[in-house]
Structure formats: structure tokens, C-alpha cells
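# Overview (structure and organization)
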Amino acid sequence: MTAETDVQQQIRQLVASALAEDHASADATTQAVVPTSAQAKASILARAPGVLSGCLYAEMAFTLCDPSLQLTWFAHDGSAVLPGDQVLTCRGSATAILAAERVALNFLQQLSGVATLTAQAVTRAGSVKVLDTRKTVPGLRDAQKAAVVHGGGVNQRRDLEAELLLKENHFALSGLGYSETVQKAVVAAAGRVVGIEAETIEQAELALAAGANYVLLDNFHGEELRTAIRVLHAKFPHAELEASGGFTVAQLPILEGTGVDRVSMGSLTHSVASLDLSLLLAPA
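Residues numbered from 1 in each chain as written. Predicted model: local features only at pLDDT ≥ 70, side-chain atom pairs only at ≥ 80, totals over all residues. Heavy atoms only, no water.

### Quick look at helix H8 (residues 201–209)
Given 3.6 residues to a turn, an α-helix orients residues that are three or four positions apart in the same direction. Turning to H8, its buried residues number three or more, namely Ile201, Ala204, Glu205, Ala207 and Leu208. Along the long axis of H8, the arc covered by the buried residues comes to 165 degrees, so they all point the same way. The exposed residues of H8 that point more than 90 degrees off its buried face are Glu202 and Ala209. Looking at the buried side of H8, the elements it contacts are helix H7 (178–188), strand S8 (194–198), strand S9 (214–218), helix H9 (222–235) and strand S10 (240–244). (Buried < 20%, exposed > 50% of the residue type's maximum accessible area, 1.4 Å probe, protein only. Helix = DSSP H or I, 4+ residues; strand = E, 2+ residues; numbered from the N terminus. Arc of directions from axis to C-beta. Contact = heavy atoms within 4.5 Å.)

### Things to note about the packing of aromatic side chains
Two aromatic rings, taken as a pair, are described by how far apart their centres are and by the angle between their planes. What the rule picks out here adds up to two aromatic pairs. Taken together, a centroid distance of 5.3 Å and an interplanar angle of 25 degrees make the contact between Tyr57 and Phe107 stacked. You can see Tyr57 sitting in helix H3 (residues 55–65) and its partner Phe107 sitting in helix H4 (residues 94–125), a full 50 residues away along the chain. Accessibility classification places Tyr57 together with Phe107 in one group, the buried group. With a centroid separation of 4.3 Å and 15 degrees between ring planes, the pair formed by Phe171 and Tyr178 is classed as stacked. Neither Phe171 nor Tyr178 differs from the other in exposure class; each is buried. (Phe/Tyr/Trp six-rings, centres within 6.5 Å; stacked < 30°, edge-to-face > 60°.)

### Regarding the sheet that holds strand S1 (residues 39–46)
Spatial strand order, S3-S5-S1-S12: four strands in an open sheet with antiparallel pairing. Of all strands in the sheet, those bounded by a partner on one side alone are strand S3 (70–73) and strand S12 (277–283). Sheet twist, expressed as the mean angle between neighbouring strand axes with direction ignored, is 15 degrees. In the packing of H3 onto the sheet, the strands contacted are S1, S3, strand S5 (86–93) and S12, and the crossing angle to S3 comes to about 165 degrees. Of the strands in this sheet, S1, S5 and S12 touch H4, which is tilted by about 160 degrees from S5. (Pairing = 2+ DSSP bridges. Axes fitted to C-alpha atoms, helices over the stretch in contact; angles between N-to-C directions.)

### Remarks on the sheet that holds S8
Here six strands make up an open sheet; going across it, the order is S6-S11-S10-S9-S8-S7 and the pairing parallel. Two strands close off the open sheet at either side, each with one partner strand: strand S6 (129–131) and strand S7 (164–166). Recorded for the sheet is a direction-independent mean angle of 25 degrees between the axes of neighbouring strands. Of the strands in this sheet, S8, S9 and S10 are in contact with H8, which crosses S9 at around 165 degrees.

### A look at the packing of H7 against H8
Axis separation between H7 and H8 bottoms out at 9 Å; the angle between their running directions is 30 degrees. The orientation of H7 relative to H8 falls into the category roughly parallel. Both H7 and H8 take part in a crossing whose hand is right-handed. Note on element contacts: H8 touches H7 through Gln203, Leu206 and Ala207, opposite Tyr178, Ser179 and Val182. Looking at the contact of H7 with H8, its residues break down into four nonpolar, two polar and no charged. (Parallel < 35°, antiparallel > 145°, perpendicular 65-115°, else oblique. Left-handed = near helix turned anticlockwise from the far one by under 90°. Nonpolar A, V, L, I, M, F, W, Y, C, P; charged D, E, K, R; others polar.)

Below you can see the structure in the form of C-alpha cells.
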């Protein structure tokens, strides 16, 4: 038997916690009416178009309830699904399937919702890279960030340690001027990426001159954004520029052709609708 990877262990712990929260081992309804010997076949079907994510979490829910359940996947993380598509079949103990059902679907639906919204954003953004943020559901950060990748997006920094990102609160509390704060962060970065939020073109110029890896143009829209990018690229031709500030999927096409390299969207993880999936059960 091979040892579990760190990722597998993390998934196991998270799913086990969700099953414990649901008291999956003490399903009062099932225990009252379903014989322990009953066998069943379950099918998870897509009810809406989307992109799948969360398969490992769903599979872990079934496995933890009964390792002998027979699972067959017809789609995988990153797969596009259409209404009526079969995603998974599961055969074995009816009581185990019923115990795992809601937790498995919760993970699969939520994470597929993230992947689906990301895929829509990527399509609308064209050549502009779509990034997530740290605005994730507590406890689900790694799962949601994986779902963003399944949808074709790019992960922004995972956590506060991963890279430096100076924003308005840091400038307000640093006790230094804008340029001095950026310079101090660049020196302290120790090989890590340094991103800088800028609210004016002048701030963006100071950040790039000080050695920032990229500049986040906060709440620049329309002609203001185009002007900022034109000015900055004239002085810093290879500058990495990021648009941020409440962009919706519908607004993303306006970024095409502006020269912006990427757009960050908190809505990919904090304001997502679950993908409509259902589990159908029948005696086996």
C-alpha cells in the first residue's frame, strides 16, 4: 500500500470532517427503513452545462463511508458536462451510499460551480489571464483554487506567506511614503514575488521603478485603464499589469486589446452558484 500524499491526506481530513458534521454514520432515517443488507446503484447526472471539479472529494466521501463501494467515473476534473451527462456511478451498500450522498454532492456541486464560472470568465477575457484571490470559503481554499485551474484560470498567491502584495492598508500603516514602502518590501521579499496596488498612474510608475514584479491597477476602468496601460508600457515595456476592482464576467471582453495582462476576480470563489448535479438511486 502506498502512503497518501499530503494532498490526499488533506482531502481525507476535510471530507471526514464534513461527514462528521452531517452525522453520516448515524443516519436515523436510513437506519429506520433501509435494511443493512440492501444493495443499490447510484448515478450522478449533470442537470446544467458546466465544468466538473471536486471528483477526489466526492470519491473520498463514498470511500470513507464504505471502501468496498464500486465507483466508475465518466467525467473528470476539468471535463465539460452537458445536461443529462452521466458523471459517476456507484454500486454497493445502500446505507453507505445514502450516508455519503449529500457530502459528496456538496463538494462536487460547489467546486464545479467555481470551475464553471472560471471557464466562463476565461472565455470572455480572451487573451487576458483570469486569476483568483484569497476570497475563498474558509477551509476550502486549496479545493477552490484547484477548481479555478480546472476551469482554465490561474492561481493568485495561495496565502499571506506566499508572496508580498502591498495594498492601501499597508501604505497607511507603514509609516513611510509610497515609494519607500515599496522599496522596503522589495528588499524584504527574499526571492518572493512582490505585487503592488496602485490607485494612480504615478503610484504605478513608482512601484515599477522600485522593482515590483507586477502592479495591480485598482478600480481603473474604461479609458482611464487604457491611458494608464499606455503610459506605463511606454516607460516600462515589460511591466506585468493586473486589472482589479469588481469586474464581472460580462465586463471582461472590454479588457481585450487594452494591453492589460491579467485580471483578478474574487467572485470566482466567493460569489459562485453551485453546478446543478443530482444523484439518482435504484435497488441493485
